[in-house]
Amino acid sequence: MDEEKQAASQHHQGYMPPYNGYGPAEAEQGTFLKILLLCCKGQVGWELHRSLSPIGLVTAIARQEENGLSGDLSDPKALSATIKSVSPDIIVNAAAYTAVDQAESKPEQSRRINAEAPVHLARMAKEADAWLIHFSTDYVFDGTGTTPWKESALKGPINVYGKTKLEGEEAIRESGCRHLIFRTSWVYSAACKNFIHTMLRLAAKRDRLRVIDDQIGAPTGAELIADVGAHVIRTAYYDKKLSGTYHLTAAGETSWNF
Ligand SMILES: NC(=O)C1=CN([C@@H]2O[C@H](COP(=O)(O)OP(=O)(O)OC[C@H]3O[C@@H](n4cnc5c(N)ncnc54)[C@H](OP(=O)(O)O)[C@@H]3O)[C@@H](O)[C@H]2O)C=CC1
Ligand SMILES: Cc1cn([C@H]2C[C@H](O)[C@@H](COP(=O)(O)OP(=O)(O)O[C@H]3O[C@@H](C)C(=O)[C@@H](O)[C@H]3O)O2)c(=O)[nH]c1=O
C-alpha cells in the first residue's frame, strides 16, 4: 500500500465507531453496562435489540434455549440460571402473554407470564442489584373517559390480560428493585403480528371486515418505544431517582377504523 493510501486507511479507521460505543478501555475496566434482553423476537424486543446495542453489551435471548441460556419466562429455575450466568446490570423484559382474547380462556397461562414471571424477575434484579425494565399496557385501566390516562390514574382492568399485567406491574413496584415500567398501547411494527397484520390476513380471506369503532387509542410504533426506551434507560441508570412507572405512547389518537 502506498503512503497516501495507508494514511487514508488509518484516518478512516480512526473514525470507525467502537463496537457498541465502547472501546478496549471500558472492556478492560469492566465499566460497560451488561444488558440482558429477554424476548428479542417480539415487536418491541426486536427493536430493543437494535436500540440498546449502542448503550451496552447486550445478551439478547428468545424463549428457546440458545448457547446454554434459556429465556423461557414460564421456567423460573432456568431464568435464574440465565440471570446468574449473564450477571446483568440491566434486565429488560420484552416478553408477555399478549393474546388478549385467548387469555380469557387460559388465564393461568396469562398469569404465569404477565404476573408471576415479573415477580421472579424483580426478586432476581433486587438480589443482583440490577435494574428491571418492564412493559405494560393501557389495559390496566378500565377504558372509560375521554382524555389520555395519567400514570397515577385509578387502575381498573376489565379483562384477564389487563388484570395479569397490572399484577406484574404491582409486584415490581412492591419488590423494591430499581425499575422502569413503560406503559404503552396499540403497538405496531412491520415485522410481527399485530392489528394491521391481522386485518391483512383476514382481508385476504373475507369479503367484508367488521371492526369496532368505539375504542380510541394511540397506536405506537415498536421502533419509537425502543428508541425512547433506550434513551430513558441510559439516563435513569445514572440517576436512580428516576426509577418508576411511565406512559410511553405516540401523540394523537384514533379508532381501530383509522
Ligand atoms: N402489542 C400491543 O399492542 C401492546 C403490547 N404491550 C406490552 O408491550 C410489551 C411488548 O409487546 P409486543 O412486543 O407487542 O409483544 P409480542 O406479542 O410481539 O411479543 C411477545 C413476545 O413474548 C414472548 N413470550 C411469550 N411467552 C413467553 C415465554 N413463556 N417465555 C419467553 N417469551 C415469551 C413471545 O415469544 P414467542 O414468539 O416464542 O411466543 C413473543 O415473542 C409486552 O409487555 C406487552 O404486554 C402493551 C400495550 C400494547
Ligand atoms: C381482528 C379484529 C379485531 N377487532 C377489534 C378487537 C379489538 O378490540 C381491536 C384490536 O384488535 P387486536 O386483536 O389488536 O386487539 P387487542 O389484542 O385487544 O389489542 C391490544 O393488544 C394488547 C396486547 C394491548 O396491550 C393493547 O394496547 C392493544 O394493542 O379490534 C374487530 O373489531 N374486528 C376484527 O376483525
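This structure is a prediction, so every number in the text was calculated from the model and none was measured.

Residue pairs three or four apart in sequence face the same way in an α-helix, which turns once every 3.6 residues. Taking 1.5 Å as the rise per residue, helix 7 (residues 160-175) with 16 residues should run 22 Å; its terminal C-alpha atoms sit 22 Å apart, in good agreement. Residues of helix 7 that are buried include every one of Val-160, Tyr-161, Gly-162, Thr-164, Lys-165, Leu-166, Gly-168, Glu-169, Ala-171 and Ile-172, and no others. Buried residues in helix 7 make contact with helix 5 (100-105), helix 6 (107-128), strand 4 (131-137) and strand 5 (179-184). Looking at the residues trailing helix 7, positive phi occurs at Gly-176, about 85°.

Our next topic: the site of ligand 2. Inspection of the region around ligand 2 gives 17 residues, with Thr-137, Asp-138, Tyr-139, Arg-210 and Ile-212 positioned closest. In this structure, Tyr-139 approaches ligand 2 through a side-chain N or O atom, which is 2.6 Å from an oxygen atom. Between ligand 2 and Arg-210 there is a distance of 2.8 Å, counted from a nitrogen atom to a backbone nitrogen or oxygen. Contact with the protein chains removes 75% of the 690 Å² of surface that ligand 2 exposes when unbound. Ranked by residue count, the leading element in the shell around ligand 2 is helix 8 (residues 195-205), at four residues.

Let's shift gears to the packing of aromatic side chains. By the definition in use, this model includes six aromatic pairs. Summarising the aromatic geometry, the rings of Phe-195 and Trp-256 are spaced 4.4 Å apart at their centres and angled 45° between planes, so their arrangement reads as tilted. Of the two residues, Phe-195 sits in helix 8 while Trp-256 sits in the segment after strand 10 (254-255), which places them 61 residues apart along the sequence. Centroid distance Tyr-237 to Tyr-238: 5.1 Å. Interplanar angle 85°. Geometry classified as edge-to-face. According to the relative accessible area criterion, Tyr-237 is buried, its value standing at 18%. Taken together through their ring pairs, the aromatic side chains of Trp-186, Phe-195 and Trp-256 make up a single cluster. Seen from the ring of Tyr-237, Lys-240 lies directly overhead, with NZ or CZ sitting 5.5 Å from the centre.

A few words on the confidence of the model for the protein. When pLDDT is averaged along the protein, the result is 89, and 88% of the positions lie at 70 or above. For residues 4-19, every residue scores under 50 in pLDDT, and the model assigns this stretch three contacts once sequence neighbours within four places are set aside. The ipTM assigned to the predicted complex is 0.97, against a pTM of 0.91.

In the vicinity of ligand 1 lie 24 residues, with Val-44, Arg-63, Thr-98, Tyr-161 and Lys-165 positioned nearest. Separating an oxygen atom of ligand 1 from a backbone N or O atom of Gly-42 is a distance of 3.5 Å. Backbone polar atom of Gln-43 to an oxygen atom of ligand 1: 2.9 Å apart, as the coordinates give it. Bound to the protein, ligand 1 loses 84% of the 900 Å² it would expose on its own. Breaking the shell around ligand 1 down by element, the ones donating at least two residues are helix 3 (43-52), strand 4 and helix 7. By residue number, the principal contributor to the shell around ligand 1 is strand 4, which donates three residues. Grouping the constituent residues of the shell around ligand 1 by class yields eleven nonpolar, nine polar and four charged.

Basis of the calculations
Residues numbered from 1 in each chain as written. Chains lettered and ligands numbered in written order. Predicted model: local features only at pLDDT ≥ 70, side-chain atom pairs only at ≥ 80, totals over all residues. Heavy atoms only, no water. Helix = DSSP H or I, 4+ residues; strand = E, 2+ residues; numbered from the N terminus. Expected span 1.5 Å × (residues − 1). Buried < 20%, exposed > 50% of the residue type's maximum accessible area, 1.4 Å probe, protein only. Contact = heavy atoms within 4.5 Å. Near = heavy atom within 4 Å. Polar contact = N/O pair within 3.5 Å; in protein donor to acceptor, adjacent residues only side chain to side chain. Areas by Shrake-Rupley, 256 points an atom, 1.4 Å probe, with all protein chains shown as cover. Phe/Tyr/Trp six-rings, centres within 6.5 Å; stacked < 30°, edge-to-face > 60°. Lys NZ or Arg CZ within 6 Å of the ring centre and 35° of its normal. pLDDT = per-residue confidence, 0-100. Nonpolar A, V, L, I, M, F, W, Y, C, P; charged D, E, K, R; others polar.

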